[in-house]
Amino acid sequence: MSHVHANHADSPAHRGRVLERLLEEAGVVSGAELDAFLDRLPGASSNGARIVARAWCDDGFRRRLLDDAGAAIAELGLPGGLGPTVVIRAVENTDSVHNVIVCTLCSCYPLALLGPSPSWYKSDAYRARVVRDPRGVLAEFEFFPPEDVTINVWDSNSETRYIVIPRRPEGTESVSEPELAALVTRRGLIGTAAV
Amino acid sequence: MSEGRAVGDRVQARIGDRRGHTRLPRYVRGQVGTIVAMHGRQLVPDRVVAGDPGEPEPIYAVRFDAGDLWGLPGHTVTIELWDSYLEPG
């Protein structure tokens, strides 16, 4: 949760990226394999999925989540407080607004709640481009929000971390809360996928 | 420091380069946006890094129109800015 600036050549984040690149170049591991591994880590996205599914099923919880995400998340027994100075905030997708999260200066992410961020989230390309051309970046994720939807990009550069509440998929009225949670992806929680 | 800022206010990010560490990215400097939320008070990283932390300042989530930032309208960018990152209101 420390605010490590990835541009410093001696920072852990930078060394991690160099190591990752060398391993990829040597054919030891691929970026896709690393992402798949991170997705399987306990808590990586399951906490976020639980939060989203509860918000879809319980409108009172949804409103409390949008009002004070830390307190609402704590109701589920999850770490709503991310640290003495770090605040979590939920932003909700609607039929007219889609939210996307980035940290342009480094790679801030609600790690204590959602686990490690995907490697692309930390890439210079994502951080530089998504604030300028979010639809272009989303298209590379094969995600195409309707043209009449406003894209709101959130650049989290202070001590606030964000979680996106995706729209509940159509036709899921009779789906149980745990089954709904299984639909939510880590990309959906960042805004690079619909759900 | 201006204590009177509120959600809905139009504010301008400070213009120009800054010495040392800052969390005011260049792409918003000099741009005018709208406060959409208040995010409490925190120490200013620029001063913390310089060894002179001072007092916590209000942080505002300020929304900029992409047309103003990039000449490419169609989306918004919201970023948290400390009070002293804004031109005096």
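In case you missed it, the structure is sitting above this.
Residues numbered from 1 in each chain as written. Chains lettered and ligands numbered in written order. Predicted model: local features only at pLDDT ≥ 70, side-chain atom pairs only at ≥ 80, totals over all residues.

Asks: Teacher, can you tell me more about the interface of chain A and chain B here?
Replies: Accessible area lost during the coming together of the parts is what is often quoted as the interface size. Counting residues at the interface gives 18 residues for chain A, matched by 15 residues for chain B. No other element matches strand β3 (residues 150–155) of chain A, which puts six residues into the side of chain A that touches chain B. Split into classes, the residues belonging to the side of chain A that touches chain B amount to seven nonpolar, seven polar and four charged. When β3 of chain A meets strand β4 (residues 75–82) of chain B, the two strands line up parallel, connected through five bridges. (Contact = placed C-beta atoms within 7 Å. Helix = DSSP H or I, 4+ residues; strand = E, 2+ residues; numbered from the N terminus. Nonpolar A, V, L, I, M, F, W, Y, C, P; charged D, E, K, R; others polar. Pairing = 2+ DSSP bridges.)

Asks: It is not clear to me how the packing of helix α3 (residues 46–57) of chain A against helix α4 (residues 59–67) of chain A should be interpreted in this structure. Could you clarify?
Replies: The packing of two helices is summarised by the inter-axis angle and the distance between the axes. All names here are of chain A. Where α3 meets α4, the closest approach of the two axes is 5 Å, and the angle between their N-to-C directions is 125 degrees. Accordingly, the angle class assigned to the pair α3 and α4 is oblique. Where α3 approaches α4, its residues I51, R54 and A55 are matched on the opposing element by F61, R62 and L65. (Axes fitted to C-alpha atoms, helices over the stretch in contact; angles between N-to-C directions. Parallel < 35°, antiparallel > 145°, perpendicular 65-115°, else oblique.)

Asks: Even after reading the chapter, I still don't get the sheet that holds strand β2 (residues 32–42) of chain B, so can you show me in this structure?
Replies: Sheet strands associate in pairs through backbone hydrogen bonding, adopting either a parallel or an antiparallel arrangement. Ordered in space as β2(A)-β3(A)-β4(B)-β3(B)-β2(B)-β1(B), the six strands form an open sheet in which the pairing is mixed. This sheet does not close on itself; its edge strands, each paired only once, are β2 (97–102) of chain A together with β1 (10–12) of chain B. When strand polarity is set aside, the average angle formed by the axes of neighbouring strands in this sheet is 35 degrees. Looking at chain direction, β1 of chain B and β2 of chain B are connected through three bridges and run antiparallel.

By themselves, these figures tell us nothing about what the structure is for.
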